[in-house]
Every structure is written in C-alpha cells, then in structure tokens.
Amino acid sequence: MYKKLLLLSAMAGLTACGGSGSSSSDASNANDDQATGSTAAIINGTTAVELYYKNGDVNNSLTIVDPDDGEEAFIVQTDIATTYGIFSLNADGEWTYEVPENETLGDLNEDESASDSVTVASIDGTEATIRFTILSADALSDDDSGSDDDDEDDSDDEDVDTYACSDAFDDDGSDDANPVVTGATHHSTIDDLNELLNSGDVQGGDEIIVSGDGEISIKDTCFDAQVLIRAESVGSITLETAAISNSQNITLQGFVLGPNDASTLFKIVNSKNIKVLRNTFDHKDITDGQTSVVLTESSEEISIAYNEFLDKNIVVEDEDGQINSGSYIKFQYDDDTETMTTNAHIHHNYFKNIVPYVKEGNTTPEGDSDREAIVFGDSGSQDVETNHLIEYNLFEDTDGENEIMTVKTSNNTFSNNTFLNSMGSLSFRLGHDNKAENNYFYGTGNSTLVTDANYETGGIRVYGANHTVSNNYMENLSGTSWRSPILIDSGDVSDSSNGNSHEAPTNVTVTDNTLVNNLGGGIFIGRDNYTIVPKDITISDNLVTGSEGSLFNNYANDDSNTWSGNQSYATGSAVDNEDGTLGAGELEVLSSEPTIIVSTPLSTDDVGPTADITTN
C-alpha cells in the first residue's frame, strides 16, 4: 500500500498545505449560459490534490449535472502532457494523473513543492481546473513509504494537524513592511475576494487591489510567497472587521477599521507569515469594550507595522461597574490548546490616546482597567518563549492604566521605542529573559492633575528572572511608586508559576541607562510594595541626574546584588544615595553636571501609515 495525501478544498498557490484525508468541494466553474440558450453544466468533485513525488499515480473522479440532453459528459482527454505529469479523463469523469521521472521534482528539498494543473471541460464547454501540489519524495516518512507489508487502514491517515498550511515560509529577503510584488495584479470587490483567492488564478507574489466595503474573512488559504491584498490607496477603504485563520503568506495593507461596535476589529488565528501593514484602527467614541488586533492559537511570524491605533478617548461605566475595556493589540493565550502566537514583529506603529479611567468622585485613575496598549499573554503563558520583537514604535498619551504594555511571556525584546507622555510603565509582569534596550521615555508639560499631559508618566517595572534593562533614556517623567523610572520591584512570591502573583526579580541586569530630571527619582532596587526583595541583580554604569527624589535607591540592600560604575548628579532636593548603602566603587557622586548626548526620539513622521519607509 502507499499513502496518497489529498487536500480537496480549493487552495491557490499552495505549497505543501498539510493534512491527509479527503473530502469533496464544489468545483463548478460554469460559464454564463451559452449563446445557444443551453443551460451550463455543474461540475463537482476533486479539484485540488497533494501527492508525493515517486509515490504512485492519483486516480479520482468528477461528476457532472447538465439538464440538456446529451451534454452530461466530459470531453475525453488521453495522455495529455502537463508541466510535470500525464493526465487522462474519460467521458464519465474518471481521471488519472501520473508523474514520470523529473529532474526538477527530484531536486526538491523536503519542505519544498511544485504546482501543476489541468483544465477539463464538459460537452457544453463548462470548465473546471484540477490543481496538483507535488511534494518532495524526501517529505514522505518511512511509515508512509508504501511497503507491501503495510495493511493498516487508510483511516489512520486522517489524524492531522489542525493547521492548514506547511511550515514553508516566504523567504524572498524582502522587508517585512514592504512586500515585493513579483507576479500579477488582480482587482476584486471585497465581496468577491474569497472567490478570487480560491479560484486558482492567484499565486504567491501576486497582489489584489480591492474595492467596496464590508468584511474580509480569509480561511484555509495558503500561498508559497506573500500575496498582497490592499486598498487602491492607503486609507481609501473602510472595513467593518477583518479575520485571517489557518492561512499563510497574506498581507492586508492600507485599510481603515472602525469606529464600529465590533468587539475585535482584526483577528489572526493559527496562521503564519501574515503582515498587517499601513492600516488605521479607530476607536473614537466607542462605548463598548473593543480590541484592535487579537492574535491567538499557534500563529507565528506575524508582522504588524506602520499602522496607527487611535482614540480610546472615552471611558463608560455601566451600572455593574464594568467599563469599556480592551487593548490595541492582544496576544491571547489559548488555554484549551496551550498555544499562542510566537515570533511577531511589531514595528513603526503609532499608538495614540488611551484616556485613564477615573471612577466617579475620585481624582486619581484606577491602576488596573484592562486598557493597556499591548497585552502579551496571561498568567498561564508566563513560561512560553514567544520571541517577539517590538521596536521603533511611538506610544503617545497611552494612559489606560499602570501598564503601557504588560508582558506575561518570555524571551521578548523591546527596543528603540519612544514613550511620550504615557502614564504607566513597560511592565515585565510575568515571564523570564525579556529585554528592554535603547528605548526613550519622555514627559512634557504639567503633571499635577490627571488631566495634565505628563501625569504619572513612568518607565520600566520588572518582576521575574533573567531580564535585561539597558541603554534606555528617560527624561522629565513624573511617575512615582509603581510608575518610577526604573523599578526592579520587590515581590510577594519567589516563584509565580501558573499564578498571577508578583515574582521577586532575580538575575536581572540594569546597565548603561541614562535618567535625567525625573520627578520620581531614578533607579529603585526593591520597594516596600512587597516583602521579598530582588536578588542577584547587577546594576552597572548607569547615570542619573535630577533635582527631585531618590536618584539611586538600594531598598533591597542584599549582598547578592552587585553595584559598579554608576554615577549621580543631584541638585535641588534630590538625594544621590538615599539609604547611604552604596560605596564609592558602586556609585560615584559627581560634583559637576555631566555632558549627556541625547539621541532623537521617534516622531509621527517616523511611524504610521504615511511614514516614508525608505528613511527608516
């Protein structure tokens, strides 16, 4: 016996989309009624097939329904040569496809494939296309090699992964924010988009320019290179929602989503190499809970770039005390499958305006309102190594709560982002081995009242193990306590595994950071928020200047922590070393103001849909 791998739902430009077993799909490509007045035939049956090279012929069938007398039959084809195979079809729709020896197919790597197709026709001219994806012979496992001694039932072959596509990603070397169109340009309305995607006319490297409005929902659609689906011009089309599931190598570019009452504007489920580029997500005046982008299940290699996320500008509280919560981006941990998105690249986006939640009668905002700019997982995902890269984004007036971003996964890097007048902190809340490097935190304007632009603007807060905080620049921030410029906090547990407690930091490196004139002081190693102090912390070569607060605070005062090469310059009421626990080799108190070279932070010219990609 030998195993046939058949995928019988029509998928265009497919590269080894995985899954064995078979089903039938409507393959009708019926033309309009012919000029003769006859009724077009309806063709059904198998029109998309995967097979392994050197693993036998494929035999299958089509059916035809035609009410016109004498036309319910196919035009016979005998030994027709296709690109890689030989195809035959009888009048009843039974067909055979065989693949002779071929050097190109023999050279396929294990994760590569080749595509072939043939067009069949009924007597009245109605056509259908059968498409073949030929997988490398090396991809066929020993268990499926076709031994004559193998008498297992083929039903076992249907135990497949739920993901519809192979692991073969687009690797053309193009910038992930500027997809290269190497193929054809197609035009479609949004309503007809799925029909075009499944027609077989679209191949990897093509682009589709869409018109109209409505919803985009793409499922089980796999290409071997990026297919760009875009508006004619950036911002020219408004969508209600968009969704991509179980798909690969698709870009959506140039759309506006919202404002509307959908709970999620864009959802990505169990998909790979998806790009979300140059879109606007608008939440202005929305009174229900709403998130811009939700990513879930085993999605990976997702790029979210040059978008703008705008205007969570009102907070509405219902009679039960519930508010219109929701983030701009949420990486969701799927408890049932214990999976979540990995290897995302979030860059050159503009996150603007999340107003704080102040309960009626209060003058200070609530610390936790589920209105972060970005959420990475939950307590169940803290040990998942997601390997995200978040860089070159601008966060302005993102004041939703204590955390601008809450990070509850591991092995992520946050680099070269600019935070302007944003209440709260970049919070390593749960997880391990996260990095915050080369980021810029700025406050400008008044900071006394919650309505002031610079109210309680914060920096970086850390819990957990093996994190790095390096080369960050912070100036004129006003945050205190939870929102201190750099807070390596105390914890309430030593191990937060599968819980939502605050794990005391261990083995954290804080180095080469520059803090200038922050109202809440500078670097805090432990505070009295919790009882278990941080241990094995390295604090080196940091420079803190200012006129208020504690520039270096060694609250933990633990022998396992290492201090070296730090410098402070205090003026006004500021204190260099509040507890007096740091020696000369650990902290140098400067007598004159140091020269500080400040890099230029990001501006709105550098990010969002209209930014010039060639200058970034």
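Note that this is a predicted model, so its numbers are computed, not measured. (Residues numbered from 1 in each chain as written. Predicted model: local features only at pLDDT ≥ 70, side-chain atom pairs only at ≥ 80, totals over all residues. Heavy atoms only, no water.)

1. Focus: the overall build of the protein chain
What the protein chain contains, in helices and strands, is two helices and 47 strands. Looking at the protein chain as a whole, 54% of its 616 residues are labelled buried. Across the protein chain, the fraction of contacts at a sequence separation of at least 24, relative to all contacts at a separation of at least 6, is 68%. Carbon and sulfur atoms make up 39% of the accessible area of the protein chain, which totals about 25,300 Å². (Helix = DSSP H or I, 4+ residues; strand = E, 2+ residues; numbered from the N terminus. Buried < 20%, exposed > 50% of the residue type's maximum accessible area, 1.4 Å probe, protein only. Contact = heavy atoms within 4.5 Å. Areas by Shrake-Rupley, 256 points an atom, 1.4 Å probe, with all protein chains shown as cover.)

2. Some remarks on the sheet that holds strand β3 (residues 58-65)
Spatially, β1-β3-β6-β5-β4 is the arrangement adopted by the five strands of the open sheet, whose pairing is antiparallel. At either margin of the open sheet sits one strand with a lone partner, and together these are β1 (42-45) and β4 (77-81). The sheet shows a mean angle of 20° between the axes of neighbouring strands, taken without regard to direction. By the bridge criterion, four bridges tie β3 to strand β6 (residues 94-98) in an arrangement that is antiparallel. When the sheet's bridge partners are listed, V58 is paired in β6 with Y97. (Pairing = 2+ DSSP bridges. Axes fitted to C-alpha atoms, helices over the stretch in contact; angles between N-to-C directions.)

3. Points about the pattern of salt bridges
Under the defined criterion, the tally for this structure stands at seven salt bridges. Between R230 and E207 there is a salt bridge, and its shortest N-O distance comes to 2.9 Å. One end of the pair, R230, is in strand β12 (residues 222-231); the other, E207, is in strand β10 (residues 207-211), and 23 residues separate them in sequence. The same class applies to R230 as to E207, namely buried. Among the ionic pairs, E396 bridges to K352, the shortest N-O distance being 3.6 Å. With E396 in strand β27 (residues 394-398) and K352 in strand β24 (residues 350-354), the pair connects residues that are 44 residues apart, well separated along the chain. Taking relative accessible area as the criterion, E396 reaches 17% and is therefore assigned buried. (Salt bridge = Lys/Arg side-chain N within 4 Å of Asp/Glu carboxyl O.)

4. Focus on the environment of L394
Mapped onto the elements of the fold, L394 is located in strand β27. In sequence terms L394 and T604 are 210 residues apart; their C-alpha atoms lie 7.6 Å from each other. Look past the residues within four positions of L394 in its chain and what remains in contact with it is N349, Y350, F351, T418, L602, S603, T604 and V607.

5. So, the nonpolar core
Counting residues in each nonpolar core, the largest one holds 79 residues, and the members touching the most others are I229, L252 and I329. Grouped together as the second largest cluster of nonpolar side chains are 24 residues, I43, F87, W95 and L105 included. (Core = buried A, V, L, I, M, F, W, Y, C linked by side-chain atoms within 4.5 Å.)

6. Quick notes on the environment of D541
Within the fold, D541 resides in the loop between β41 (538-540) and β42 (543-546). In this structure D541 comes out as partly exposed when scored by relative accessible area, which is 42%. As for D541 and T511, which are separated by 30 residues in sequence, their C-alpha atoms are 5.6 Å apart.

7. Comments concerning a negative patch on the surface
A cluster of acidic residues, D191, D192, E195, D213, E215 and E240, forms a negative patch on the protein surface. Residue placement: D213 occurs in the loop between β10 and β11 (214-219). (Patch = residues over 30% accessible without salt bridge, like charges linked within 9 Å, V, L, I, M, F, W, Y side chains within 5 Å. Lys, Arg positive; Asp, Glu negative; His and termini not counted. Charge placed at Lys NZ, Arg CZ, Asp CG, Glu CD.)

8. Some details on the pairing of strand β43 (residues 550-553)
In this structure, strand β40 (residues 523-525) lies alongside β43, joined through two bridges in parallel fashion. Each residue of the ladder has a partner; that of F524, found in β43, is N553. As defined by bridge partners, β43 adjoins strand β46 (residues 575-577) across two bridges and the pair is classed as parallel. Residue pairing across strands places S550 opposite V575, the latter belonging to β46.

9. Overview of the packing of aromatic side chains
Here the structure, examined in full by the defined rule, presents 16 aromatic pairs. Relative to F132, the ring of W95 lies with its centre 5.8 Å away and its plane at 80°, an arrangement referred to as edge-to-face. With W95 in strand β6 and F132 in strand β8 (residues 127-135), the pair connects residues that are 37 residues apart, well separated along the chain. Comparing W95 with F132 shows no difference in burial state: the two are buried. An aromatic cluster of three or more residues is present, and its members are F281, F309, Y328, F351, F395, F419 and F441. (Phe/Tyr/Trp six-rings, centres within 6.5 Å; stacked < 30°, edge-to-face > 60°.)

10. Notes on the sheet that holds β8
Pairing is mixed in the open sheet, where three strands are placed in the order β2-β8-β7. In this open sheet, the two strands that pair with only one neighbour each are β2 (48-52) and β7 (113-121). The average angle at which neighbouring strand axes cross in this sheet is 20°, direction not considered. Two strands pair when backbone bridges link them, and β2 and β8 are joined in this way by five bridges, in the parallel orientation. Looking at the pairing, Y52 lines up with L135 of β8.

11. Regarding the environment of V516
Within the secondary structure, V516 is located in strand β39 (residues 514-516). Along the backbone, V516 and Y442 are 74 residues apart, and their C-alpha atoms lie at a distance of 9.8 Å. For V516, the contacting residues outside a window of four places in its chain are Y473, M474, E475, N476, T545 and I596.

12. Looking at the side chain of H388
With respect to the helices and strands, the residue H388 is situated in the loop between β25 (374-376) and β26 (389-391). Taking relative accessible area as the criterion, H388 reaches 2% and is therefore assigned buried. At a separation of 3.0 Å, a polar atom in the side chain of H388 contacts the main-chain amide nitrogen of A344. Excluding anything up to four places from it in sequence, H388 contacts F331, T341, T342, N343, A344, F376, N411, N412 and T413. (Polar contact = N/O pair within 3.5 Å; in protein donor to acceptor, adjacent residues only side chain to side chain.)

13. Remarks on the pairing of strand β19 (residues 291-296)
Most of β19 sits inside the fold, with six of its six residues counted as buried. Here strand β16 (residues 264-269) runs beside β19; their pairing, made up of five bridges, is parallel. In the strand pairing of β19, K267 is matched with V294. Examined bridge by bridge, β19 and strand β22 (residues 329-331) share three bridges and lie parallel to one another. Bridge assignment links L295 to a residue of β22, and that residue is F331.

14. What to know about unusual backbone geometry
With omega at -5°, the peptide bond leading from G258 into P259 counts as cis. Inspection of the secondary structure assignment puts P259 in the loop between β15 (255-257) and β16. The residue D541 is not glycine, and still its phi comes out positive at about 55°.

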